[in-house]
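Here is what each chain is made of, one letter per residue.
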Amino acid sequence: MALQHCSLNLDKTAKELRPHGDLGFPCAGYSSYYTDKPEDTIPWHWHEEIEIIYMESGQMKVRIPSKSFLLKPGDCIAINANMLHSCTAAPECHLLSLVFSPALVTGNADSVFARKYMLPLLSCCSFSGHLTKAGSNEQVAQWFCSAFDALARDSYGFEFTVRDMLSHICLFLYGEFKPQADPENTPLNQDNLRIRKMLEYIDNHFSEDISLADIAKAADISERECLRCFRKTIQLSPIQYLLKYRVMQGAKLLLQNPAASISDTATLCGFDSPSNFARLFKRFYNCTPREYRNLNKTNIPNGKRGHSPI
């Protein structure tokens, strides 16, 4: 089974829409190189699958709600299903990743593997992401590499090897968190649900004159709670996120609509003046909007990875 090309196609709640594998074998492998350039950032997103990332070389910062991890060569991180996360190289890295449905391990939802192990693990509040450092619990990295190599090489019976190795990792994670003893076991924490509603609102209304109160209302919470939720979850205030989102949307529009003026692009992204757009754009991209368009004339219209980075 060939490795898949790494790209993101997100809906308005930042949910990834592209399938990872297929119904017969719901698992996909990716080998990707990243830099710390804004267009190379992996934006905040989530998917229904578990993701395991292995750092081949370089360094990368991985963020999940209220936590961040710096991955170095040999490190391995498991990110729970339905968990928001984003990644930025520091300053460059080569990573390997496997994204798979829990059904690959459990089979049907009534199996003992699902009821006794995977469902409690998936709904465990303590398990948002788990980092295994190089040299610690080395079996985890060995299991991952065995699964990844079998899939990448399309070796005979690779499906059995991948499922077996990922099962070992899931059982290891279950042992680490002992979710059956978690008194606050819930399918998804409240902040995660709230932030998705607010991200969806921003995606729908970023070109309009929206306020902190508008963003908070989307999740039916107070402005103070909105601020707390954003800062805890994605380490930005709602307005900082909104401004960054507008700039990134502007970068995409500059390439999608090469004939449009900078002023029109600024308006479409919700900026009250071209100068404010240019000032913030240069802060993020270290160049003016016009320079960015000229430097990226040969890029495909939607950018390299299919979605604006955040």
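Below is a summary of the structure that appears in this document. Numbering of residues starts from 1 in every chain and runs along the sequence as written. Note on the predicted model: pLDDT of at least 70 is required for a residue's local features to be given, and 80 or more for side-chain atom pairs to be given and counted; whole-chain, interface and lining totals, by contrast, use all residues. Each side-chain value is derived from all of the structure's non-hydrogen atoms; neither hydrogens nor water enter the calculation.

This brings us to the packing of helix H5 (residues 190-205) against helix H8 (residues 238-256). Direction vectors running N to C along H5 and H8 enclose 45°, while the axes themselves pass 11 Å from each other. Here H8 runs oblique to H5, going by the angle between their axes. Seen along the crossing, H5 lies across H8 with a hand that is right-handed. On H8, the residues that touch Leu199, Ile202 and Asp203 of H5 are Tyr241, Leu242 and Tyr245. The residue makeup of the contact of H5 with H8, split by class, is five nonpolar, no polar and one charged. Axis lines are fitted through C-alpha atoms, for helices just across the contact stretch, and the angle between N-to-C directions can take any value from 0 to 180 degrees. Runs of E in the DSSP output that reach at least two residues are strands. Runs of H or I that reach at least four are helices, and both are numbered from the N terminus. Orientation is classified from the angle alone, with under 35 degrees giving roughly parallel, over 145 giving roughly antiparallel, 65 to 115 giving roughly perpendicular, and any other angle giving oblique. Handedness of each helix crossing follows the sense of rotation of the near helix against the far helix: counterclockwise by less than a right angle gives left-handed, clockwise gives right-handed. Whether two residues are in contact is decided by their heavy atoms, any of which lying within 4.5 Å being enough. Charged means Asp, Glu, Lys or Arg here, nonpolar means Ala, Val, Leu, Ile, Met, Phe, Trp, Tyr, Cys or Pro, and polar covers whatever is left, Gly included.

Here we come to unusual backbone geometry. Going from alanine 90 to proline 91, the amide bond is cis rather than trans, its omega being -5°. Topologically, proline 91 is positioned in strand E6 (residues 85-100). For asparagine 82, which is not a glycine, the phi torsion comes out positive at approximately 65°. Mapped onto the elements of the fold, asparagine 82 is located in the loop between strand E5 (76-79) and E6.

On to helix H3 (residues 138-153), then. Helix length check: H3, at 16 residues, gives a terminal C-alpha distance of 22 Å against a target of 22 Å (1.5 Å per residue), a fit within 8%. Buried residues of H3: Val140, Ala141, Trp143, Phe144, Ala147, Phe148, Ala150 and Leu151, and no others. Along its buried surface, H3 packs onto strand E1 (27-35), strand E3 (50-64), E5, E6, strand E7 (129-132) and helix H4 (158-177). One or two residues past the end of H3 sits aspartate 154, with phi positive at roughly 55°. Take the number of residues in a helix, subtract one, and multiply by 1.5 Å to get its expected span. To sort residues, take the accessible area from a 1.4 Å probe on protein chains only and compare it with the maximum for the residue type: under 20% means buried, over 50% means exposed, and anything in between is partly exposed.

Salt bridges are defined by distance alone: a side-chain nitrogen of Lys or Arg within 4 Å of a carboxyl oxygen of Asp or Glu. Evaluation of the coordinates by the stated rule reveals five salt bridges. The residue glutamate 225 makes a salt bridge to arginine 194 at a minimum N-O spacing of 2.7 Å. Placement of the pair is glutamate 225 in helix H7 (residues 223-234) and arginine 194 in helix H5, with a sequence separation of 31 residues. By relative accessible area, glutamate 225 is classed as partly exposed at 21%. A salt bridge links arginine 228 to glutamate 225, with the nearest nitrogen and oxygen atoms 2.7 Å apart. Here arginine 228 pairs with glutamate 225, and both are found in helix H7, just three residues apart, close to one helical turn. One network of salt bridges, in which partners are shared, links Asp191, Arg194, Glu225, Arg228 and Lys232.

Before going further, it helps to spend a moment on the side chain of histidine 45. Inspection of the secondary structure assignment puts histidine 45 in strand E2 (residues 42-45). The exposure class assigned to histidine 45 is buried, which follows from its relative accessible area of 4%. Polar contacts here mean pairs of N or O atoms no more than 3.5 Å apart (in protein, one a potential hydrogen donor and the other a potential acceptor; neighbouring residues in sequence count only if both atoms are side-chain atoms). Within polar-contact distance, the side chain of histidine 45 engages the backbone oxygen of proline 43 at 2.7 Å.

So, on to the packing of aromatic side chains. Only Phe, Tyr and Trp rings take part, Trp by its six-membered ring, and two of them pair if their centres are within 6.5 Å. Stacked means planes under 30 degrees apart, edge-to-face means over 60, and tilted covers everything else. This structure, assessed with the given rule, holds 13 aromatic pairs. Taking 5.5 Å as the distance between ring centres and 70° as the angle between the ring planes, the aromatic pair formed by phenylalanine 206 and tyrosine 245 counts as edge-to-face. Residue phenylalanine 206 is found in the loop between H5 and helix H6 (212-218), and its partner tyrosine 245 is found in helix H8; the two are separated by 39 residues along the sequence. There is no split in this pair, since phenylalanine 206 and tyrosine 245 are both buried. With a centroid separation of 5.3 Å and 75° between ring planes, the pair formed by phenylalanine 281 and tyrosine 292 is classed as edge-to-face. Note that phenylalanine 281 is positioned in helix H10 (residues 274-285) and tyrosine 292 in helix H11 (residues 289-295), a separation of eleven residues in sequence. Residues phenylalanine 281 and tyrosine 292 agree in their burial class; the two are buried.

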